[in-house]
Amino acid sequence: DRPVELANRGQVIESLRGDTLEIIARFRVADARSVGLRVRRSDDGTRSIPVMWNDGRIIVNREDRKYPCAYELDPATRELTLRVFLDKGVLDALTGDGKVFESRIHYAPVEDL
């Protein structure tokens, strides 16, 4: 529950590991063009599943131009809340206001926690 200051860089939160998790992440986006999480990350960082806001779109697992999930931030606050539920091979992600919901089956290796 403690805030993590990212300051335009990524940070691994070592204590956050598992394949059955609920994650609530709040971002103050300011002028960033992209913010988010990489879940089911391998220890060496070469594999992960992105859950992110990227320049007006919510992207889960991969960017798919065929089905864009448009999501504009409130210009007054420029804040974003992402709720992510991991349950073994299923990933559900939604915005804090519930406007965007994605559910995916993923095939992350069991050791990627």
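On a predicted model such as this, the values are computed, not experimentally measured, just so you know.

Draft legend 1. Focus on the sheet that holds strand S2 (residues 34-39). In space, the 3 strands of this open sheet follow the order S2-S3-S4, with antiparallel pairing throughout. Of all the strands in the sheet, the pair left with one neighbour each is S2 and strand S4 (57-60). For this sheet, the mean inter-axis angle between neighbouring strands, taken without regard to orientation, is 5 degrees. Pairing geometry for S2 and strand S3 (residues 49-54), over 6 bridges, is antiparallel. Looking across to S3, one finds that Gly36 is bridged to Met52.

Draft legend 2. Structural view of unusual backbone geometry. Phi angles above zero are rare outside glycine, and Arg40 is one such case at about 50 degrees. Phi is positive for Lys88, which is not a glycine, with a value near 55 degrees. With respect to the helices and strands, the residue Lys88 is situated in the loop between strand S5 (79-87) and strand S6 (90-95).

Reading the values: rules and limits
Residues numbered from 1 in each chain as written. Predicted model: local features only at pLDDT ≥ 70, side-chain atom pairs only at ≥ 80, totals over all residues. Heavy atoms only, no water. Pairing = 2+ DSSP bridges. Helix = DSSP H or I, 4+ residues; strand = E, 2+ residues; numbered from the N terminus. Axes fitted to C-alpha atoms, helices over the stretch in contact; angles between N-to-C directions.

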